[in-house]
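# Chain and residue survey
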Amino acid sequence: MTEGRMNMEKRRVVVTGAGVVSALGGSRAELFEALLAGRCAVRRMPEWSAELPGVPLAASVELDPEIAKRINRKFRRSMGPAALFASLAALQAAEESGLDAELLGSGRTGCAVSSTMGSSSSIVEATALLLSGRREEMPATQFFKCASHSSAFNVANLLGINGVQLSPCSACASGLQSVGAAMEQIQLGKQDVMLAGGSDEATPAVAGSFEQLFALAGGDVEPERASRPFDADRRGLVCGEGAGILVLEEYGHAVRRGAPLLLELTGYATNCSGVHVSQSDAASIERCLKLALADAGLEPAGIDYVSAHATATVAGDREEAAALRNVFGGGVPVSSLKGHLGHTLGASGAIELAAVCEMARRGVVVPTLNLERVGAECAGLDLPVAPREKRIGVFAKCCIAFGGVNAVLIGKKLS
């Protein structure tokens, strides 16, 4: 982001719909009620034990097959689980926003939907067939499930979107980068409407990758207590899955068609650390926060709540806490939803942003689940441990990813 971009006249961007598929519910409202009740989606995954030692943990989506069948097989056959989650969430968001076929196919509506990769389960299936010499058994649609932009093109194809299609692929920052990129498309006048967000799936292959990096929670621990952001006893992340899709729209366009106005997005920044491929970096996170605040024309005191990335890894939470402390001090409530949902990877930024929509609408901060004793290196922040009634006028949403990538989005309630 350049000084010129920050100073140029920008069109206002609002959120007019938000759909969610998660391990705690198949809609934004269901998810929020589960979060408010302190429910945790993490469970033991004995079906993974052949590929991972012990009995691994995950927060998996239990999707009713009848819900999946709402999508015609013509479209569904090219979707892995991540693209299916994204498509179901996109249908919710489009319905709430009141998007019709004419607007979706106008060329002025685009989509930006990301995952950490294509469908990881489909990639494993394809690899197994190739390595065992059974290439002829591979379905013709397998490639479309494996492609890194699978969720984006499947959503576009399902809804008849023919505008801009983007799919930033930056690991766990992907979903929030998609929202930021979509926001910029509208600000620059290139599109009037964008469906944006992220989707991902939890598989043994993905969890095993984190285990190799010593970042996966394990050991003899109750599943519901395994993911412990900011806690002194945090052991690592738990993989989750799902999708969050938001409808972003130019303010005047939304008002003219009578669309619901959920939030306004006012600032965005993304950067990288250039320091380490797997370790978070407080200095670059701090820079990203300040760039996003500058883009929104705000000082740190203007923020009422921070939705942290906080995956419950020892180093990641430490570095993010240091950056938040340096920017905000201890006067702003900060929480992470990964104690409830696990780490939904490329979907996390969008799912959590949809949850923040409800926090702002209802005037309540959802606390960090399983935060019983704040780690010494995470101290100095306002970390609620129970739901807190609070007017959330302006918020910041943070995402941090492998490769040294950071993304921060600033938004505000409109009423």
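Before going into details, it helps to say that this report is about the structure given with it. (Residues numbered from 1 in each chain as written. Predicted model: local features only at pLDDT ≥ 70, side-chain atom pairs only at ≥ 80, totals over all residues. Heavy atoms only, no water.)

It is worth spelling out the pairing of strand β13 (residues 394-401) at this point. Buried residues dominate β13, accounting for 8 of its 8 residues. Covered by surrounding structure in β13 are Val394, Ala396, Cys398 and Ile400 together with Phe395, Lys397, Cys399 and Ala401, the residues of both alternating faces. One ladder, built from 3 bridges, connects strand β9 (residues 305-307) with β13; its direction is parallel. Residue pairing across strands places tyrosine 305 opposite phenylalanine 395, the latter belonging to β13. (Buried < 20%, exposed > 50% of the residue type's maximum accessible area, 1.4 Å probe, protein only. Helix = DSSP H or I, 4+ residues; strand = E, 2+ residues; numbered from the N terminus. Pairing = 2+ DSSP bridges.)

Once that is clear, we can look at unusual backbone geometry. Positioned with a positive phi, phenylalanine 230 is a non-glycine residue whose angle comes to about 65°. Position of phenylalanine 230 relative to the elements: it lies in the loop between α11 (204-212) and β7 (242-250). Phi is positive for leucine 345, which is not a glycine, with a value near 60°. Relative to the assigned elements, leucine 345 resides in the loop between α15 (338-341) and α16 (348-362).

Turning next to the side chain of serine 307. Inspection of the secondary structure puts serine 307 in strand β9. We classify serine 307 as buried; its relative accessible area is 1%. With sequence-adjacent residues up to four places away left out, serine 307 is seen in contact with Ser335, Glu352, Val356, Ala396, Lys397 and Cys398. (Contact = heavy atoms within 4.5 Å.)

Its 14 residues place the ends of helix α10 (residues 174-187) 20 Å apart at the C-alpha level, agreeing with the 20 Å of an ideal helix rising 1.5 Å per residue. One or two residues past the end of α10 sits glycine 189, with phi positive at roughly 85°. (Expected span 1.5 Å × (residues − 1).)

It is worth spelling out the environment of alanine 396 at this point. As for its position among the elements, alanine 396 is in strand β13. Once the C-alpha coordinates of alanine 396 and glycine 54 are considered, the two residues, 342 residues apart in sequence, prove to be 38 Å apart. Here alanine 396 is in contact with Ile303, Tyr305, Val306, Ser307, Leu409 and Ile410, once residues within four sequence places are set aside.

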